[in-house]
Amino acid sequence: MKIKPFGEAALLVEWEATIAPEIHQQVVDLQAQITSQLANGITFIIPAYCSLLVGFDPAIWERQLLTAQLRHLAEVASDRIAKPTRKLHIPVCYEQAPDREEVMALTGLDWSTFVEMHSRKTYRVYMLGFLPGFAYMGSLAPALNCPRKREPRAAVPAQSVAITGLQTGIYPMAAPGGWQLVGRCPIPIFSADDFLFQAGDAVQFYPVNEQEFKDIEQKIEGQTFNWEAIYG
Amino acid sequence: MADVILHIEKSGLQTSIQDLGRGGVQQYGVPLSGAMDQASAKRANELVGNSLSTPVLEITLLGPRIHFRGNGQMAICGAGLSPKLNGKDVPNDRTLTFKDGDRLTFGKVIYGCRAYLAVAGKWNVHTWLGSCSASPFEASLLTPDSKPAMGDHIRIESKASVPIRNLSPPDWIAKLRMPFIKVYPGPEFEQCTRVDLAYFFSHRYRIAASSNRMAYRLEEAHFASEHMPEMISSAVLPGTIQLPPSGKPLILMRDAQTVGGYPRILQVAEADLDLLAQCKPGDTVAFYLERV
């Protein structure tokens, strides 16, 4: 683990440069330690695959002192049992897949096999970024590896489920994007001040048909949706 | 106290509501946003007795036309955009009084790029995640009143007046003739070649026309990037200078995303990010390196 200065008011903690659950667990464990132990004078924390950026108020924290504190917390975190991960079960309608033909051609899989493989594995949320609430999840089975689209779409519809490389994610809002669209999620990815995903979450998708998709949408609109069910 | 209404008669080039930004939610991928020149935004609020985090109008180069309903106090700081109240020149950096029916207009750009209009009182505008700043994404949904258009009204609950104050012109105006931007080494600084760094720090660069609140581009600036190892995405900040595979550095500004996959070669000093915000496309800037 290395700690580097990043401008005047932030420290970058870096682990081995690799995408692996064991490394990422150390990132979110240190994040949890900082949040519970050092609330005062910490201005922001940005976790990523194998790094954590910690912003601080220079009026409260001296850089050397915070560096030492972060080292100490990382050691404490590694001694403890890892922070329990939340597991989210997210419905996906794979019938709403604008790139179905292209993905079948690229992977050589028929659609039911693709759906089975995409929804079988439990993914890890490595980081949020690109758009508010957009979770980078991985890793896909290598057989599902598809390149980005040659021509990015000007507007990907909100709640589209997308893949590229060994990553998958859900567009929280309409935005330009180049990932392959393989389904749509009836659950909003964020509400006014609440985000569905956070770094470290475990996520598994389950297929729903058009009718079930509409039912969930209606329940959410009518505020009768059982949000606890997704954490089942 | 009576309300003040800012009736927008013309929106100007790129007028938006900003405050000090949406801090502390970057882990959800939410850009920081907020006034590009934070010091000028704070100064304007100070002159009208508002808390420093009160929203302001950020006005870029071509100003709006605003018709006031109700009496109150305002202040304009930042760029010199020839503000006029009912056609008569009014100064920047001073507490100003307006009356019901007055009209505020802007004219020629004298210096800088972004002016900040503070109006005394509590602004009745939408807040998202603790900030009124225009969201760079889906602004019409998330911060519906943050990009005022012709015919829009901004309602402000006015408050007791403060004594009129007159501040001396800020010292960054003199620096605009030859802006020298202080930068620190970024996390991937060591990947730059010595030749590229020596060249970069001994030349001036023109700010490209495509520069905006998300990023500034520098015409003709170039670094070798072919030898740089591919990077796993990691956090970025306003002021981070990234090097995409094109070799053309990109200076991230307040509306930038929170993570990126390009080497972060340099980091602009906080105070000089405000100075950079006052440099407009076509202006030339130079950089100097300091260790943190």
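Residues numbered from 1 in each chain as written. Chains lettered and ligands numbered in written order. Predicted model: local features only at pLDDT ≥ 70, side-chain atom pairs only at ≥ 80, totals over all residues. Heavy atoms only, no water.

Let's shift gears to the overall build of chain A. Check the secondary structure of chain A and you find five helices and 15 strands. Taking 232 residues into account, the globule formula puts the C-alpha radius of gyration at 17 Å, and chain A, at 19 Å, falls close to it. For chain A, buried positions account for 54% of its 232 residues. Sequence separation of at least 24 residues holds for 65% of the intrachain contacts in chain A that already meet a minimum separation of 6. Summing over all exposed atoms, chain A offers an accessible surface of approximately 10500 Å²; the carbon and sulfur share of this is 52%. Taking the average location of the 19 positive side-chain charges in chain A and that of its 25 negative ones, the two points are 4 Å from each other. (Helix = DSSP H or I, 4+ residues; strand = E, 2+ residues; numbered from the N terminus. Rg over C-alpha atoms; globule rule 2.2 N^0.38 Å. Buried < 20%, exposed > 50% of the residue type's maximum accessible area, 1.4 Å probe, protein only. Contact = heavy atoms within 4.5 Å. Areas by Shrake-Rupley, 256 points an atom, 1.4 Å probe, with all protein chains shown as cover. Lys, Arg positive; Asp, Glu negative; His and termini not counted. Charge placed at Lys NZ, Arg CZ, Asp CG, Glu CD.)

Attention shifts here to the overall build of chain B. Helices and strands together make up the secondary structure of chain B, namely five helices and 21 strands. For chain B, the C-alpha radius of gyration of 20 Å lies close to 19 Å, the compact-globule estimate for 292 residues. On the principal axes, the C-alpha backbone points of chain B span a range of 65 × 40 × 30 Å. With 292 residues in all, chain B has 58% of them scored as buried. At a minimum sequence separation of 6, the contacts of chain B that also span at least 24 residues come to 76%. Entry remark: accessible area of chain B is about 12100 Å², with carbon and sulfur atoms responsible for 53%. Here chain B holds 31 positive side-chain charges and 28 negative ones, and the gap between their average locations is 6 Å.

A word on helix α1 (residues 21-37) of chain A. Here α1(A) spans 24 Å end to end across 17 residues, near enough to the 24 Å set by a 1.5 Å rise per residue. For α1(A), the full list of buried residues reads I23(A), H24(A), Q25(A), V27(A), V28(A), D29(A), L30(A), Q31(A), Q33(A) and I34(A). (Expected span 1.5 Å × (residues − 1).)

Once that is clear, we can look at the interface of chain B and chain A. Counting residues at the interface gives 30 residues for chain B, matched by 38 residues for chain A. Looking only at chain B, the three residues that lose the most surface to chain A are Q27(B), Y28(B) and I232(B), adding up to 23% of its buried area. At the boundary of chain B and chain A, one finds one salt bridge. Between R264(B) and E14(A) there is a salt bridge whose closest N-O contact spans 3.9 Å. (Buried area = accessible area lost by both parts, 1.4 Å probe. Salt bridge = Lys/Arg side-chain N within 4 Å of Asp/Glu carboxyl O.)

Bringing the domain arrangement of chain A into the picture now. All names here are of chain A. Segmenting chain A into domains produces domain 1 (2-79) and domain 2 (87-231). Taking only C-alpha atoms into account, the centre of domain 1 sits 30 Å from that of domain 2. Taken together, the contact pairs nine residues of domain 1 with eight residues of domain 2. Roughly 750 Å² is buried in total at the junction of domain 1 and domain 2, and carbon and sulfur atoms are behind 58% of that figure. Connecting domain 1 to domain 2 are zero salt bridges. (Domains from an automatic or database assignment.)

Moving on, we come to the domain arrangement of chain B. All names here are of chain B. According to the domain assignment, chain B contains domain 1 (3-170) and domain 2 (173-289). A C-alpha centroid distance of 28 Å is found between domain 1 and domain 2. Where domain 1 touches domain 2, the interface holds one salt bridge. Between R213 and E58 there is a salt bridge whose closest N-O contact spans 2.8 Å. Looking at the side of domain 1 that touches domain 2, the elements that each hand over two or more residues are α1 (38-47), β5 (72-80) and β10 (111-119).

With 52 residues, the main nonpolar core has I34(A), L52(A), L53(A) and L70(A) as its most contacted residues. Of all elements in the fold, only β2 (10-14), α1, β3 (42-47), β4 (51-56), α2 (63-79) and β6 (123-128) of chain A reach the threshold of two or more residues within this core. Membership of the second largest hydrophobic core comes to 41 residues, among which are A35(B), M36(B), A44(B) and W172(B). (Core = buried A, V, L, I, M, F, W, Y, C linked by side-chain atoms within 4.5 Å.)

Here we take up the pairing of β4(A). All names here are of chain A. The element β4 is largely enclosed, with a buried count of six among its six residues. Residues S51, L53 and G55 line one face of β4 and the alternating positions L52, V54 and F56 line the opposite face, and both faces are buried. Bridge analysis of β2 against β4 gives five bridges, and the strand direction is antiparallel. Looking across to β4, one finds that L11 is bridged to V54. Alignment of β3 against β4, held across five bridges, turns out to be antiparallel. Considered in β4, the bridge of F44 is made with G55. Between β3 and β4, which pair antiparallel in sequence order, lie three residues. (Pairing = 2+ DSSP bridges.)

Residues and elements named next belong to chain B. Pairing in this open sheet of seven strands is antiparallel, and the strands run β7-β6-β9-β4-β1-β12-β11 from one edge to the other. What marks the edges here is a single partner per strand, and that holds for β7 (88-89) and β11 (122-123). Pairing of strand β1 (residues 3-10) with strand β12 (residues 153-157) involves five bridges; the strand directions are antiparallel. Within the sheet, the bridge partner assigned to H7 lies in β12 and is H153.

Let's shift gears to the packing of aromatic side chains. In this structure the tally under the stated criterion is 20 aromatic pairs over all chains. Aromatic side chains F200(B) and Y205(B) sit 5.4 Å apart centroid to centroid with 20° between the ring planes, which places their arrangement in the stacked category. Every member of this aromatic cluster is reached through a ring pair, and the members are F130(A), F134(A), Y136(A), Y171(A) and W179(A). (Phe/Tyr/Trp six-rings, centres within 6.5 Å; stacked < 30°, edge-to-face > 60°.)

It is worth spelling out unusual backbone geometry at this point. Most of the time, phi is negative for any residue but glycine, and the peptide bond is trans. Going from G138(A) to S139(A), the amide bond is cis rather than trans, its omega being -10°. With a phi angle near 50°, N86(B) is a residue other than glycine that sits in the positive phi range. Structurally, the position occupied by N86(B) is in the loop between β6 (84-85) and β7. Residue classification places N86(B) among the partly exposed positions, given a relative accessible area of 47%.

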